[in-house]
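Notes for the structure review
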Amino acid sequence: MQLLKELCEAHGIPGREEAVRELVVRELEPVSDEIQVDALGNVIALKKGSGRGPKVMIAAHMDEIGFLVSYVDGRTGFLRIDPVGGFDTRVLMAQRVVVHADGGDFVGIIGTKPVHILSEEERKKNLEIKDLFVDLGLPASDVKKRVRVGDYVTLQQDSAQVGKLFSCKALDDRVGVYVMIEAVKKVKKHTADIYAVATTQEEVGVRGARVSSFNVAPDIGIALDVTVASDVPGAGEHEHVTKLGAGTAIKVKDSMSISHPKLVRKMREIAEKKKIKHQMEILPRGGTDAAAIQMTREGVASITISIPTRYLHSVVEAAHIDDIQASINLLASFLEVAHTVDYQL
Ligand code: CO
Ligand code: ZN
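What comes next is a walk through the structure. None of the values given here were measured: they were computed from a predicted structure.

**Things to note about the side chain of T199**
- Mapped onto the elements of the fold, T199 is located in strand β12 (residues 193–199).
- Leaving out residues up to four positions away in the same chain, T199 has contacts with N42, A59, A60, H61, M62, D63, G208, A209, S212 and D289.

**Here we look at helix α5 (residues 171–186)**
- Its 16 residues give α5 an end-to-end C-alpha distance of 21 Å, which sits within 8% of 22 Å, the value for a rise of 1.5 Å per residue.
- Taken across its 16 residues, α5 has 13 buried, putting it largely inside the fold.

**Side note on the packing of helix α7 (residues 261–273) against helix α9 (residues 321–337)**
- In contact at an axis separation of 10 Å, α7 and α9 are set at 110 degrees when each is read in the N-to-C sense. Considering the angle they form, α7 stands roughly perpendicular to α9. As for how α7 packs across α9, the hand of that crossing is right-handed. Along the contact surface, α7 presents L263, K266, M267, I270 and A271, while α9 presents L330, S333, F334 and V337.
- Along the lines of polarity and charge, the residues of the contact of α7 with α9 split into seven nonpolar, one polar and one charged.

**Observations concerning the coordination of the zinc ion (ligand 2)**
- For the zinc ion (ligand 2), the protein coordination sphere consists of H61 (NE2), D172 (OD), D225 (OD) and D225 (OD), at 2.0 to 2.7 Å.
- Note that the zinc ion (ligand 2) binds four donor atoms; their angles at the metal cover 51 to 148 degrees, and the shape is irregular.

**Remarks on the coordination of the cobalt ion (ligand 1)**
- Listed as protein donors to the cobalt ion (ligand 1) are D172 (OD), E203 (OE), E203 (OE) and H313 (NE2); their distances from the metal cover 1.8 to 2.8 Å.
- Considering all four donor atoms around the cobalt ion (ligand 1), angles at the metal cover 52 to 149 degrees and the coordination shape is irregular.
- The metal-metal distance between the cobalt ion (ligand 1) and the zinc ion (ligand 2) is 3.4 Å, with D172 coordinating both. Taken together, the positions of D172 in helix α5 and H313 in the loop between β16 (301–310) and β17 (317–320) put the pair 141 residues apart, joining distant regions of the chain.
- D172 gets classed as buried once you look at its relative accessible area, which sits at 7%.
- H313 gets classed as partly exposed once you look at its relative accessible area, which sits at 21%.

**Considering helix α6 (residues 207–216)**
- Burial in α6 covers these residues: G208, A209, S212, S213 and V216. Angular distribution of buried residues about the axis of α6 spans 115 degrees; they occupy a single face of the element.
- Tucked into the core, α6 has its buried residues touching β2 (43–47), β3 (55–61), β12 and α8 (290–293).
- Remark: A217 follows α6 within two positions and exhibits a positive phi of approximately 50 degrees.

**What to know about the packing of helix α1 (residues 2–9) against α5**
- Relative orientation of the contacting elements α1 and α5 amounts to 145 degrees, with a least axis distance of 9 Å. For α1 against α5, the interelement crossing comes out right-handed. In contact with L3, L4, L7 and C8 of α1, α5 contributes L171, R174, V175, V177, Y178, I181, E182 and K185.
- Of the residues contributing to the contact of α1 with α5, the split by class is nine nonpolar, no polar and three charged.

**Comments concerning a positive patch on the surface**
- On the surface, a cluster of positive charge is made up of K186, K188, K273 and K274.
- For K186, the position within the fold is in helix α5.
- A residue is classified by how much of its surface remains accessible, and K186, at 40% relative accessible area, is partly exposed.

Basis of the calculations
Residues numbered from 1 in each chain as written. Chains lettered and ligands numbered in written order. Predicted model: local features only at pLDDT ≥ 70, side-chain atom pairs only at ≥ 80, totals over all residues. Heavy atoms only, no water. Helix = DSSP H or I, 4+ residues; strand = E, 2+ residues; numbered from the N terminus. Contact = heavy atoms within 4.5 Å. Expected span 1.5 Å × (residues − 1). Buried < 20%, exposed > 50% of the residue type's maximum accessible area, 1.4 Å probe, protein only. Axes fitted to C-alpha atoms, helices over the stretch in contact; angles between N-to-C directions. Parallel < 35°, antiparallel > 145°, perpendicular 65-115°, else oblique. Left-handed = near helix turned anticlockwise from the far one by under 90°. Nonpolar A, V, L, I, M, F, W, Y, C, P; charged D, E, K, R; others polar. Donors = N, O, S within 2.8 Å, 3.2 Å for Na, K, Ca; no water. Tetrahedral: all angles 85-135°; square planar, octahedral: opposite > 155°, others 65-115°. Arc of directions from axis to C-beta. Patch = residues over 30% accessible without salt bridge, like charges linked within 9 Å, V, L, I, M, F, W, Y side chains within 5 Å. Areas by Shrake-Rupley, 256 points an atom, 1.4 Å probe, with all protein chains shown as cover. Salt bridge = Lys/Arg side-chain N within 4 Å of Asp/Glu carboxyl O. Lys, Arg positive; Asp, Glu negative; His and termini not counted. Charge placed at Lys NZ, Arg CZ, Asp CG, Glu CD.

So, in structure tokens, the structure goes:
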């Protein structure tokens, strides 16, 4: 869990994943035969198989949703920000952020007008990102000197264990990166060539996965990502999508990809045989790197293994420790038998 904590607390918005990439390279280099970083910043680590097995590409994205500084007010020192990835603006009020400037990091506050002086009208209005500003608590002249348009901004939140849950910002998708690293370390005998790919720019449209899967040209693609767990008060059981503590989720479909039916069946068979807790997932809205992998070259048999997560795209994203472990176990078990998978339709 120490590694998961480190991954989650690292900062990296789409296109600026360097801090996360450093951790991934540190972890994967010792356990792989070849490692490379491409022009978009994807880390591609190859662990060769013992035979002529299929090429299996695993993808987990390093980027987290965040912002870019879009305007520095030279008179007041307040910053305006432009989102990179989809935010629920309700969760942005009263948060601290980190502004990553060339000369170093600054902690800032996302400010809004206090409730005491809001008009009836303003109180009813939904907050938009254009209404928000970042307060660095510094004189305008200082801010102007040190912060530039284009500097990136992330939310600041420590990780915490909450009962059986692990909660942090950016669990989407650092927990996927963590599962990938741990599975690659865990896997013993495997015939298949394993390409562990830590991708970039997923949150702005699966861009890193698109180019890295072209490069790898896999036979089988497996994306690792979080999925909705809406097992909370106010949601009916039929709306849960997944449930925390009910195991790793084998994705059947989301709005950007339909998992390969033979991979779905294989995953389920392995989970049943090895007694790995699992649930089947259908997500009405959203997508993963599998969407890009499946449409690479002449098409790739693809699937997503999901880690059920509550409070997605907020700073308190939370996943169950047992589900994280189940995801590692299922992926490692699959990799060991990947050469037996019949993925021809
Ligand atoms: Co996301
Ligand atoms: Zn994600």
